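Geometric and topological summary
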Amino acid sequence: MVSSPIQNVRGFGDVLPSEGPAWAFVEQTFRRELERYGYAEVRLPIVEKTELFSRAIGEVTDIVEKEMYTFIDRNGDSLTLRPEGTAGCVRAALQRGLLHNAQPRLWYSGPMFRHERPQKGRYRQFHQVGAEAFGVPGPDIDAELILLSGRILRALGVRDLRLEINSLGTQAARQRYREALIEHFQAHSSTLDDDAQRRLHSNPLRVLDSKNPAMASVIEAAPDLADYLDEESQTHFQSLCDMLDGAGQSYRVNTRLVRGLDYYGGTVFEWISADLGAQGTVLAGGRYDVLVEMIGGRPTPAIGFAAGLERLVALVEAANSAPSAPAPDAALVISDDSLQSDTLALAERLRDELPWLHLQMPLGGGSMKSQLRRANRSGAAVALIRGAEEAAAETISVKYLRDDLEQETVAIGELPKILSALQANRTGQY
Ligand code: HAM
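Residues numbered from 1 in each chain as written. Predicted model: local features only at pLDDT ≥ 70, side-chain atom pairs only at ≥ 80, totals over all residues. Heavy atoms only, no water.

To keep things clear, this is the line we draw: UniProt positions are given in the numbering used here, feature names are shortened, and annotations may be inferred rather than shown by experiment.
Within an unreviewed UniProt entry, the label attached to the chain reads Histidine--tRNA ligase, and the organism entered is Spiribacter curvatus. UniProt, in its Sequence similarities (unreviewed entry) section for the chain, records the words "Belongs to the class-II aminoacyl-tRNA synthetase family." Entered under Catalytic activity (unreviewed entry) in the UniProt record, the comment concerning the chain runs "tRNA(His) + L-histidine + ATP = L-histidyl-tRNA(His) + AMP + diphosphate + H(+)".

The structure is reproduced here in C-alpha cells:
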C-alpha cells in the first residue's frame, strides 16, 4: 500500500534551491550594510516566555490576542514562538548587561511565527532581519536608521518603494488623542463593526487601521494625531524631517500611520511597495523609548526596524536584481567507473590548489554522453575528460563547452594554470 505523502504545515513555506540566490543576496546585503553602520549581530532564541510578548507587544494587539503560537511545555510553563524580534532583543540586552553605560546597536535575523491567515506575502512562519539601537534619544538616530534602511533597499535593487513616517508623540499626548478618538467613535457607534466596538476602549488607535469600507468615512473624519502632539514630539519630528530633507531622502508624512505593536511612541516609519498588493510593507519600525522599562530595566531610549524577507525576496526576484548562482568552472567526465577513485583524488587536489574552484564530479557515473550532457546543463565552462588513454598518460582532455575552441589534451600538471586562465577570462556568469 502506498501511503499518501505528508505535506507541509499551512503557512510554513520551503525556500527552494531556485530561490536560494535571491535569499542569499538579501541576507548578505543586510549584513554588509548593517555592519557598515556599526550594528553587531545577536542570535536570539526562537522561544521566549509568553509574558515577554504580552507585556511588550500589548495584551490588546492582534498579535497577542490571536496570532501567537503559545504552548505549555513539559514543565508547565507558558512559552511562545517569537512573533517578532524586538521583545527578545530587549530582553537579552537587559539580561546580559549590554545596556550598561553603552549605546549598543544590534541586529538579528531569523524566523518569526504568527498565526495569521496565509496569503501572498503573509505567512505563519516568515523571516525578518531586525536592527535595534539603544541609548540615543535624539532624532539623529531616527534619521540614520531610516537612511540606512533606504540604502539597503536601494542596494537590493527594489524600486517604487515609498517611505511613510509619522510621530505617535509621548504617552501623554497619545492618551489625549485616545480620548478624542473614543469620543469621536462613540458618537458614530452604530457604524462600528464588532472588532472596532471591542477595541474602542482598549486600543482605539487600531480602529484607524480597519479596512472595513463601511467605516471608511467615520475613520476619515476622525481627529488627527498630529493635532495632539506635544511640543517635544513636534520638535523631534520636525528635526527628523529636516535631517531627511538634508540627506535628500524623500518621504510622506502619514498621520494615520500607527503601527500594530503597543511599545511604539514618537517616530514610526514604513517602507511600502506598490507591487505587493495588500501586504506591501517590506520594512517597518519606530521608536520604543518605554519598552526597556516595561521589561524591567532603567528608562532607555530605543529605536529599530524589521524587514520582511519573503516580501523583499519577491521584489528582488521580480526586479531580477540578485546575482545568479555561480555555474561550475569545470565538470569532470570519466570513461568508466574504474577511474572513479583516482579522479576523486584528482578533484580534491585541484580544490586544494585552487580555493575558488567550483568543480563538479560525475558522481553516480553513467555514459560519457550523459555525463557530458549534465556538464553542459550545469553551465560549466569546460568538461575535463578522463579516458583510459588519458589516465595512462597522466593527461586530461579539456573540452570547451562555452567557447568556440578546439578540444585539447594537456598534462594533468598543466590543469591549474589552464583553469586559472579560464577563470580570469570569464566575464559574468554563464
Ligand atoms: P512588524 O510591522 O510587525 O514590526 O513586522 C515587520 C515586517 O515583517 C513587516 O513590515 C513585514 O514585512 C514582515 N511581516 C510581518 N508579518 C508577516 C507575515 N505574517 N508574513 C510575512 N511577513 C511579515 C515588527 O515586527 C517590529 N518588531 C519591528 C521593529 C523593530 N520595531 C522596532 N524595532
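A word on the nonpolar core
Note the threshold: By nonpolar core is meant a set of buried Ala, Val, Leu, Ile, Met, Phe, Trp, Tyr and Cys residues that side-chain atoms within 4.5 Å join together. Burial classes follow relative accessibility: with a 1.4 Å probe on protein chains only, a residue under 20% of its type's maximum area counts as buried, one over 50% as exposed, and anything between as partly exposed. Secondary structure counts use DSSP, requiring at least four H or I residues in a row for a helix and at least two E residues in a row for a strand, with both numbered from the N terminus.
Of all hydrophobic cores here, the largest spans 48 residues; its most connected members are F134, F185, L208 and Y263. When residues in this core are grouped by element, the largest group, five residues, is from helix α4 (residues 86-95). Counting 42 residues, the second largest nonpolar core, distinct from the first, contains V136, L153, L161 and L283.

Digging into the site of the ligand
The condition is simple: The nearness test applies per residue and asks whether one of its heavy atoms lies within 4 Å of the molecule or strand. Whenever a nitrogen or oxygen atom comes within 3.5 Å of another N or O atom, the pair is scored as a polar contact, on the condition that within protein one atom can donate a hydrogen and the other can accept it, and that pairs from neighbouring residues in sequence are kept only if both atoms are in side chains. Accessible surface is estimated by sampling points in the Shrake-Rupley manner with a 1.4 Å probe; for residues, cover comes only from the protein chains shown. As a working rule, the residues Ala, Val, Leu, Ile, Met, Phe, Trp, Tyr, Cys and Pro are called nonpolar, Asp, Glu, Lys and Arg charged, and the rest polar, with Gly in that last group.
Taken together, 25 residues are adjacent to the ligand, and E84, E116, E132, Y264 and T281 come closest. Interatomic distance of 2.7 Å between a side-chain N/O atom of E116 and a nitrogen atom of the ligand. G308 places a polar main-chain atom, nitrogen or oxygen, 3.3 Å from an oxygen atom of the ligand. Contact with the protein chains hides 96% of the accessible area of the ligand, taken as 660 Å² for the molecule alone. It is strand β10 (residues 281-287) that contributes the most residues to the shell around the ligand, five residues altogether. When the residues that make up the shell around the ligand are grouped by side-chain class, the tally is 10 nonpolar, eight polar and seven charged.

What to know about the domain arrangement of the chain
Defined as follows: Boundaries between domains were set according to an automatic or database domain assignment.
For the chain, the domain assignment lists domain 1 (17-170 + 230-319) and domain 2 (330-423). Distance from the C-alpha centre of domain 1 to the C-alpha centre of domain 2: 49 Å.

Considering the UniProt feature "binding site: L-histidine" (unreviewed entry) in the chain
Filter applied, for reference: By the convention used here, residues are in contact when the closest approach between their heavy atoms is within 4.5 Å.
Listed under "binding site: L-histidine" (unreviewed entry) in the UniProt record, and renumbered for this structure, are E84, G85, T86, R114, Q128, E132, R259, Y263 and Y264. With respect to the element layout, T86 can be found in helix α4. Overall, the relative accessible area of 7% leaves T86 in the buried class. Beyond its immediate stretch of four places on either side in the chain, T86 contacts Y108, E132, Y263, Y288 and L291. Take Q128: it is sitting in strand β6 (residues 125-134).

Some details on the sheet that holds strand β8 (residues 252-253)
Note the following rule: Strand pairing is assigned whenever DSSP detects at least two bridges linking the two strands. Between N-to-C directions, angles cover 0 to 180 degrees, with each direction set by a line fitted to C-alpha atoms, over the stretch in contact for helices.
If you trace the eight strands from one edge of the open sheet to the other, you get β1-β5-β6-β11-β10-β9-β7-β8, paired in mixed fashion. Two strands in the sheet have a free side with no partner beyond their single neighbour: β1 (40-41) and β8. Where strand β5 (residues 105-113) meets β6, nine bridges bridge the pair, whose relative direction is antiparallel. By the bridge assignment, W107 is partnered in β6 with A131. Packing of helix α1 (residues 20-36) onto the sheet brings it into contact with β1, β5, β6, β10 and β11 (302-308), and relative to β6 it is tilted by some 5°.

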